[in-house]
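# Descriptive analysis of the structure
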Amino acid sequence: MTVPDITAPARLTPYRGRFAPSPSGPLHLGSLFAAVVSYLDAKAHQGQWLVRIEDLDPAREQSGASAGILTTLVAHGLEWDESETYQSDRIDLYRANLATLQRQERLYWCQCSRKQLTGQAVYPGTCAHQRQPLADAAIRFQVLSEQDRFVDLFQGLQVCAPCEQAGDVVILRKDGLFAYQLAAVSDDISQGISHVVRGVDILDSVWWQRELYRALGSAIPHYGHFPVLLRPGSEQKLSKQNHAPAVQNHTASANLVQVFRALGMDFASDSPPQLLQQALAQWRCRPLFSQIHLQSRTLRLD
């Protein structure tokens, strides 16, 4: 299947954005950066900003992390517009969408191990013939698009041959947990998310997600992938895997000033709400594609 040459989806209104952290630990400066960018872009468009906790993997969840994340957002003046949601409460939605995809004959059961797939950049379709449920198997979603393209809000035109470059993706793991791609798309559809603003490190997942939107009969949101922050003096991104320290709520203003400097904004220390208002005024004044910082793939902290 070849997707028509449409570089941007039909505009969804009103603007509804979201921040969707996983509770595998407290927010670090990189995740605060992600929250601030998505918040500013939503508010600059007079939109709503939602918070969703992606807590589908209990083994990775740190006790108290969900509450800590929400507390940190509030401490930094980042107030969300509706009650926060938790993916662990939305399993019935994922099951319903899984059933929809099965009726479309877009699913198959995969028993391949990680060891078997070592060195394979794209899943080779080994189990594509397994169209009936199997024990001890993941469920893969079959990608059909030969070509796809869209204009990223920050990175510009993106082009892919999903069948060749992305391949079929796991949407239900062998352990019975729903995988990120189906859960995120299901939630974004259900919540009417019009703009997905997130880090460029997960841009590759957009091709699977766009394919899922089409299969589920939903309009595709606008995407904006901003650069990841690098640790000072390092080529490593700020992440939990790289042991980035948690942001401290009692230094919220200083934390925001550091984030804004990475974005090319420089403000004197003030209360978090006032700092956000200053940043929002600048954000509204500058077209997205003139924000050179956001068109790069990495930003380095001072």
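Remember, it's a predicted structure, so these values are computed and weren't measured experimentally.

To continue, consider the overall build of the chain. Scanning the chain from N- to C-terminus turns up nine helices and twelve strands. Across the 302 residues in the chain, those meeting the buried criterion constitute 52%. At a minimum sequence separation of 6, the contacts of the chain that also span at least 24 residues come to 75%. Only carbon and sulfur atoms are counted for the fraction: they give 51% of the accessible area of the chain, which is about 13,800 Å².

To continue, consider helix H5 (residues 180–190). Most of H5 is tucked away: eight of the eleven residues are buried. Listed in full, the buried residues belonging to H5 are Gln 181, Leu 182, Ala 183, Ala 184, Val 185, Ser 186, Asp 187 and Asp 188. The inward-facing, buried residues of H5 abut strand E1 (16–19), strand E2 (48–53), helix H3 (91–103), strand E8 (169–172), strand E9 (195–199) and helix H6 (206–215). Two residues or fewer after H5 comes Gly 192, characterised by a positive phi angle close to 65°.

Within the structure shown, the criterion is met by 15 salt bridges. The residue Arg 52 makes a salt bridge to Asp 188 at a minimum N-O spacing of 3.0 Å. Placement of the pair is Arg 52 in strand E2 and Asp 188 in helix H5, with a sequence separation of 136 residues. Put simply, Arg 261 and Asp 266 hold a salt bridge, and the shortest N to O gap is 3.0 Å. Here Arg 261 falls in the partly exposed class, since its relative accessible area comes to 44%. Each of Arg 18, Arg 52, Glu 54, Arg 90, Asp 187 and Asp 188 takes part in a single network of salt bridges with overlapping partners.

The subject of this paragraph is the confidence of the model for the chain. When pLDDT is averaged across the chain, the result is 90; 89% of the residues are at 70 or more. Here residues 1–12 scores under 50 on pLDDT; set against residues more than four positions off or in separate chains, the count is 30 contacts.

Most often, soluble globular proteins keep nonpolar side chains buried together rather than apart. Grouped together as the largest cluster of nonpolar side chains are 43 residues, with contacts concentrated most on Phe 33, Trp 49, Leu 73, Leu 78 and Phe 260. Where this core is concerned, the elements lending two or more residues are helix H1 (29–44), E2, helix H2 (65–75), helix H7 (252–262) and helix H8 (272–285). When residues of this core are assigned to their parent elements, the largest contribution, eleven residues, is made by H1. Beyond its immediate stretch of four places on either side in the chain, Leu 78 contacts Leu 32, Ala 35, Val 36, Tyr 39, Trp 49, Leu 73 and Leu 276. Membership of the second largest hydrophobic core comes to 35 residues, among which are Tyr 94, Val 185, Tyr 223 and Val 228.

Let us look at the sheet that holds strand E5 (residues 138–141). What links the strands of a sheet is backbone hydrogen bonding, and the strands pair in either a parallel or an antiparallel sense. Judged by pairing direction, the sheet is antiparallel, and its three strands sit side by side in the order E4-E5-E8 without closing on themselves. Looking at the sheet topology across the chains shown, the edges are occupied by strand E4 (107–110) and E8. This sheet shows a mean twist of 45° between the axes of neighbouring strands, independent of strand direction. The sheet contacts of H3 involve E4, E5 and E8, and relative to E4 the element is tilted by about 105°.

So, on to the packing of aromatic side chains. Counted according to the given criterion, the structure contains eight aromatic pairs. On the numbers, 6.3 Å between centres and 15° between planes, the contact of Phe 19 with Trp 49 is stacked. Taken together, the residues span a long stretch of sequence, with Phe 19 in strand E1 and Trp 49 in strand E2 at a distance of 30 residues. Here the aromatic cluster, defined as three or more aromatic residues joined through ring pairs, consists of Phe 19, Tyr 39 and Trp 49. Seen from the ring of Tyr 123, Arg 140 lies directly overhead, with NZ or CZ sitting 3.6 Å from the centre.

Attention now moves to the layout of surface pockets. Empty space among the atoms becomes apparent when a probe as large as a water molecule is rolled across them. Counted as a void, the largest pocket has a volume near 1,200 Å³. Mapped onto the lining of the largest pocket, the elements with two or more residues apiece are E1, H1, E9 and strand E11 (228–230). Counting residues per element, the lining of the largest pocket draws most heavily on H1, at five residues. Of the residues assigned to the lining of the largest pocket, the class counts are 19 nonpolar, eleven polar and eleven charged.

With that out of the way, let us pick up H2. Listing the buried residues of H2 in full gives Ala 65, Ser 66, Ile 69, Leu 70, Thr 72 and Leu 73. Along the axis of H2, the buried residues cluster in a sector spanning 160°; they form a single face. Buried-residue contacts for H2 involve E1, H1, E2 and strand E3 (85–86). Among the residues trailing H2, Gly 77 stands out with phi positive, at a value near 80°.

Further remarks concern the environment of Gln 158. Inspection of the secondary structure assignment puts Gln 158 in strand E7 (residues 156–160). On the accessibility criterion, Gln 158 (14% relative accessible area) is buried. The sequence separation of Gln 158 and Leu 203 amounts to 45 residues, and the corresponding C-alpha distance is 9.6 Å. Ignoring sequence-local partners within four residues, the contact set of Gln 158 consists of Asp 148, Arg 149, Phe 150, Asp 152, Leu 203 and Trp 207. Polar contacts involving the side chain of Gln 158 include one to the main-chain carbonyl oxygen of Gln 155, which spans 3.3 Å.

Rules behind the numbers
- Residues numbered from 1 in each chain as written.
- Predicted model: local features only at pLDDT ≥ 70, side-chain atom pairs only at ≥ 80, totals over all residues.
- Heavy atoms only, no water.
- Helix = DSSP H or I, 4+ residues; strand = E, 2+ residues; numbered from the N terminus.
- Buried < 20%, exposed > 50% of the residue type's maximum accessible area, 1.4 Å probe, protein only.
- Contact = heavy atoms within 4.5 Å.
- Areas by Shrake-Rupley, 256 points an atom, 1.4 Å probe, with all protein chains shown as cover.
- Salt bridge = Lys/Arg side-chain N within 4 Å of Asp/Glu carboxyl O.
- pLDDT = per-residue confidence, 0-100.
- Core = buried A, V, L, I, M, F, W, Y, C linked by side-chain atoms within 4.5 Å.
- Pairing = 2+ DSSP bridges.
- Axes fitted to C-alpha atoms, helices over the stretch in contact; angles between N-to-C directions.
- Phe/Tyr/Trp six-rings, centres within 6.5 Å; stacked < 30°, edge-to-face > 60°.
- Lys NZ or Arg CZ within 6 Å of the ring centre and 35° of its normal.
- 1 Å grid on protein atoms, 1.4 Å probe; cavity = no way out; pocket = protein on both sides within 12 Å on 5 of 7 lines; lining within 4 Å.
- Points joined across faces, edges and corners; volume = space filled by probe spheres on them.
- Nonpolar A, V, L, I, M, F, W, Y, C, P; charged D, E, K, R; others polar.
- Arc of directions from axis to C-beta.
- Polar contact = N/O pair within 3.5 Å; in protein donor to acceptor, adjacent residues only side chain to side chain.

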